[in-house]
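# Overview (structure and organization)
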Amino acid sequence: MKKALIILSSALLLLSVGACAPKQSAYRQVYEKAKQREVAAEQQDPAQTPPTSVVVSREPAADIQLRRERLEAVKGEDANMLKTYNVVVGSFQNHTNAYSLKERLQAQGYNPVLGQNEAGMLRVIITSFDNRREAEASREQVKGRFAPDFQDAWILEKIR
C-alpha cells in the first residue's frame, strides 16, 4: 500500500512540474512575436513612417471641464509657479511616476511643477495662468503638440 502511495505521489509531482513548462514557452512565443513586430517597425522605410510630431490646430472646446481643488506645491517645488488655472497632464499617487513625467517634460523644454491635493494625489502641471482663457488655449496647444499623448489634459482651478 505504501509503495502505491509513493508511486502515485511521484507521478502527481512529475505531472505538476511538467504542466508549468508549456506556460513558459507560450509566454516566450508571445514575447518573440512582439519583438519581431518591433524590429520590423524600426526597419520600415522612412517614407512610410508617420511624422513624429503632429500639430493640430483646434478651437478651444466650449465645454472644457474645470476641476477645483486645494493645491499645494510639493516640497522642493516653487509655489509661486502655481497660479489659479493650471493645465494638468498627469495625476499620480506614486511619487516615482510623477517625477518621471516631470523629468520627461523638462527634457522637452517645459518647466513643469508638481502639486499635491488634499487627497495626496500628485498633479503634474505643465503650464499655469491667472486667466482661464489662457489656460484653455494652452491646454489645446499641449494636446496638439503632444498628440496622441496628453489628449486627456485638463484644467485645475486652485482654490485657497
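Check the entry above for the structure.
Okay, so let's go over this structure. Predicted, not measured: the structure shown is a model, and the values here were computed from it.

### Brief notes about the side chain of S128
- By secondary structure assignment, the location of S128 is in strand 4 (residues 122–129).
- Residue classification places S128 among the buried positions, given a relative accessible area of 16%.
- Within the local environment of S128, its side chain forms a polar contact with the backbone nitrogen of K83, the two atoms lying 2.6 Å apart.
- A distance of 2.5 Å separates polar atoms of two side chains, one belonging to S128 and the other to N86.
- Ignoring sequence-local partners within four residues, the contact set of S128 consists of M81, L82, K83, Y85 and N86.

### What about helix 2 (residues 95–107)?
- Over its 13 residues, helix 2 runs 18 Å from end to end, which matches the ideal 18 Å to within 8%, given 1.5 Å per residue.
- The set of residues buried in helix 2 consists of A98, L101, K102 and L105. Within helix 2, the buried residues cover an arc of 100° as seen down the axis, which keeps them to one side. The exposed residues of helix 2 that point more than 90 degrees off its buried face are T96, E103 and A107.
- Of the surrounding secondary structure, the elements contacted by the buried residues of helix 2 are strand 2 (85–92), strand 3 (113–117) and strand 4.
- A side-chain oxygen of the first residue of helix 2 lies 2.7 Å from the backbone nitrogen of T96; this N-cap is N94.
- Looking at the residues trailing helix 2, positive phi occurs at G109, about 95°.

Definitions and limits used
Residues numbered from 1 in each chain as written. Predicted model: local features only at pLDDT ≥ 70, side-chain atom pairs only at ≥ 80, totals over all residues. Heavy atoms only, no water. Helix = DSSP H or I, 4+ residues; strand = E, 2+ residues; numbered from the N terminus. Buried < 20%, exposed > 50% of the residue type's maximum accessible area, 1.4 Å probe, protein only. Polar contact = N/O pair within 3.5 Å; in protein donor to acceptor, adjacent residues only side chain to side chain. Contact = heavy atoms within 4.5 Å. Expected span 1.5 Å × (residues − 1). Arc of directions from axis to C-beta.

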